[in-house]
Amino acid sequence: MHSHHSALGLATALRPVQPVTLIRPHAARRAARFFVEKFPGTAMYAVKANPSPDLLKVLWDSGVTHYDVASIAEVRLLSETLPEARLCFMHPVKAEEAIAEAYFEHSVRTFSLDTMDELEKIVRATKGASDLNLCVRLRVSSDHSKLSLASKFGAEPGETKALLFAARQAADALGICFHVGSQAMTPAAYAEAMERVRAAIVEAAVTVDIVDVGGGFPSTYPGMEPPPLETYFEVIHKAFESLPISYSAELWCEPGRALCAEYASVLVRVEKRRGNELYINDGAYGALFDAAHVGWRFPVKLVREEISDAKDVAFSFYGPTCDDLDHMAGPFLLPADVAAGDYIEIGMLGAYGCAMRTGFNGFGSDMKVEMTDEPMATLYGGAEEQAVPSNVVTL
Ligand SMILES: Cc1ncc(COP(=O)(O)O)c(C=O)c1O
């Protein structure tokens, strides 16, 4: 893989016609070390956020040993890429065949569930195994998060007592898990969810061995600057310590976004300008799904040899396909003189963005280049680290 110091060096040298994914392994390494060293328990990576084998190896080398997998394809990928990793199948609705393959062929022992039906399925598929870690997923509010995960999964208060009790009978280790929604903007999200955990444990009067606070840890984007991650860890630790569980109970979390958002950005080219609309060569069916469908704003930077002295104005983007839906409203602030042929770096696309690329309309791109400069924003720079890079923009 090529390596470059900056998007400008790359754009000047290659004049790429396709969008290029710029990966920054050092950024993923820094995020992983942060979670491994500071989260007061075990941080497992939610593979769906970005299943790139290159990234998986960086995380493993940085000390991430547990991986949250949600499909049998992710189980197989991890078995092949990181054969010693501990895999936890945390999708609450699984195919029975997937559970059987995960258990018998890939040594997966941890499964989540939110109904009696799923519990029975797991017991059947594993032929009544006695070494299961079963995590009952509670439905909690997504009120503090930018992307809700509150509707689809999770047992309601009236259902948890019987479910915890039944899972306790089938499990070697019993866990409780939840997800507060993605990009949780305040640690209060976790404090409130932990109150649900407390109520569930008290009501069911069962011994709980694992409390898994899920994903939701934020990254930083324009207009979405969260408090420091340490404050999340403090709130979670305090809530965990006060739960009615044994001193040997384990605390887990499942970050996706926070571990990989800074890992990748995308270099795109402007193919046409119409007023303040830029037609670029990546879009809703490429790495910009969230920009198109949930109005997510990503940081942008004009990549041009001569720095523009035009003032910044608001642009929206159209992607390359023939579809009106391939539209990213932004606003994306760029110098007023942006023109066809210019390159733009769109930052913070390492989580979900790159993972959701399709080849629709023939516009997929698999070109990747490793970068040594800093990501366009970071949640992991201490004061001293932030002073070093010149291209870290304050959002
Ligand atoms: C079960 C589970 N765990 C973890 C995650 C990762 O969430 P995030 O990227 O918000 O950290 C998700 C995301 O959908 C999930 O469904």
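How each quantity is defined
- Residues numbered from 1 in each chain as written.
- Predicted model: local features only at pLDDT ≥ 70, side-chain atom pairs only at ≥ 80, totals over all residues.
- UniProt positions renumbered as here; feature names shortened; annotations may be inferred.
- Helix = DSSP H or I, 4+ residues; strand = E, 2+ residues; numbered from the N terminus.
- Rg over C-alpha atoms; globule rule 2.2 N^0.38 Å.
- Buried ≥ 20, exposed ≤ 12 C-beta atoms within 10 Å, placed from the backbone.
- Contact = placed C-beta atoms within 7 Å.
- Near = placed C-beta within 6 Å.
- Nonpolar A, V, L, I, M, F, W, Y, C, P; charged D, E, K, R; others polar.
- Domains from an automatic or database assignment.
- Axes fitted to C-alpha atoms, helices over the stretch in contact; angles between N-to-C directions.
- Parallel < 35°, antiparallel > 145°, perpendicular 65-115°, else oblique.
- Left-handed = near helix turned anticlockwise from the far one by under 90°.
- Core = buried A, V, L, I, M, F, W, Y, C linked by C-beta atoms within 7 Å.
- Pairing = 2+ DSSP bridges.

In the annotation of an unreviewed UniProt entry, the entry for the chain reads ornithine decarboxylase, and the organism field reads Allosphingosinicella humi. The record held by UniProt for the chain lists under Pathway (unreviewed entry) the comment "Amine and polyamine biosynthesis; putrescine biosynthesis via L-ornithine pathway; putrescine from L-ornithine: step 1/1." The UniProt entry for the chain carries the following text under Cofactor (unreviewed entry): "pyridoxal 5'-phosphate".

This part takes up the overall build of the chain. On a plain count of helices and strands, the chain comes out with 12 helices and 19 strands. Its C-alpha atoms give the chain a radius of gyration of 22 Å, within 12% of the compact-globule value 21 Å for 395 residues. Projected onto its principal axes, the C-alpha coordinates of the chain cover approximately 65 × 40 × 35 Å. Looking at the chain as a whole, 50% of its 395 residues qualify as buried. Looking at the chain alone, contacts between residues at least 24 apart form 75% of all its contacts between residues at least 6 apart.

Neighbouring residues of the ligand: 17 residues in total, closest Ala46, Ser182, Gly215, Gly256 and Arg257. Of the residues that constitute the shell around the ligand, the class distribution is seven nonpolar, six polar and four charged.

Our focus in this paragraph is the domain arrangement of the chain. Taken domain by domain, the chain holds domain 1 (3–22 + 262–387) and domain 2 (25–260). Each of domain 1 and domain 2 has a C-alpha centre, and the two are 31 Å apart. Across the boundary between the two partners, domain 1 contributes 18 residues, which contact 21 residues of domain 2.

Two quantities define a packed helix pair, namely the angle between the helix axes and the distance between the axes. Two elements in contact, helix α7 (residues 157–170) and helix α8 (residues 188–204), have axes whose closest approach is 9 Å; the angle formed by their N-to-C orientations is 65°. If you check the angle between α7 and α8, you find them roughly perpendicular. For α7 against α8, the interelement crossing comes out right-handed. Two secondary-structure elements touch here, α7 through Thr160, Lys161, Leu164 and Phe165 and α8 through Ala200, Glu203 and Ala204. The class makeup of the residues in the contact of α7 with α8 is four nonpolar, one polar and two charged.

Bringing the packing of α8 against helix α9 (residues 229–241) into the picture now. At their nearest, the axes of α8 and α9 sit 8 Å apart, and the two run at 15° to each other. What the angle tells us is that α8 and α9 run roughly parallel. The two elements α8 and α9 cross, and the hand of that crossing is right-handed. Between α8 and α9, the contacting residues are Tyr190, Ala191 and Met194 on the first element and Tyr232, Val235, Ile236 and Ala239 on the second. Taken together, the residues that form the contact of α8 with α9 break down as seven nonpolar, no polar and no charged.

Counting residues in hydrophobic clusters, the biggest one holds 127 residues, and the most contacted among them are Ala28, Leu134 and Val136. When residues are assigned to domains, this core turns out to be shared by domain 1 (3–22 + 262–387) and domain 2 (25–260), each giving three or more. The contact partners of Val136, leaving out residues within four places of it in the chain, are Leu113, Asp114, Ala155, Thr160, Leu163, Leu164, Ala167 and Ile176.

With that out of the way, let us pick up the UniProt feature "domain: Orn/DAP/Arg decarboxylase 2 N-terminal" (unreviewed entry) in the chain. If you check UniProt for "domain: Orn/DAP/Arg decarboxylase 2 N-terminal" (unreviewed entry), the listed places come out as residues 32–261 in our numbering. Along residues 32–261, the helical share is 41% and the strand share 17%, with 12 Å between the first and last C-alpha atoms.

A separate point is the environment of Val313. Here Val313 lies in strand β16 (residues 312–318). Separated by 151 residues in the primary sequence, Val313 and Ala162 have C-alpha atoms spaced 57 Å apart. Residues in contact with Val313, not counting those within four places in the same chain, are Asn276 and Ala336.

One closed barrel holds the eight strands; their spatial order is β3-β4-β5-β6-β7-β9-β11-β12, and the pairing between them is parallel. Within this sheet the neighbouring strands show an average axis-to-axis angle of 25°, counted without direction. The pairing of strand β9 (residues 173–177) with strand β11 (residues 210–212) spans three bridges and is classified as parallel. Looking at the pairing, Cys177 lines up with Asp212 of β11. Contacting β6 (110–113), β7 (133–137) and β9, α7 runs over the sheet at an angle of about 175° to β7.

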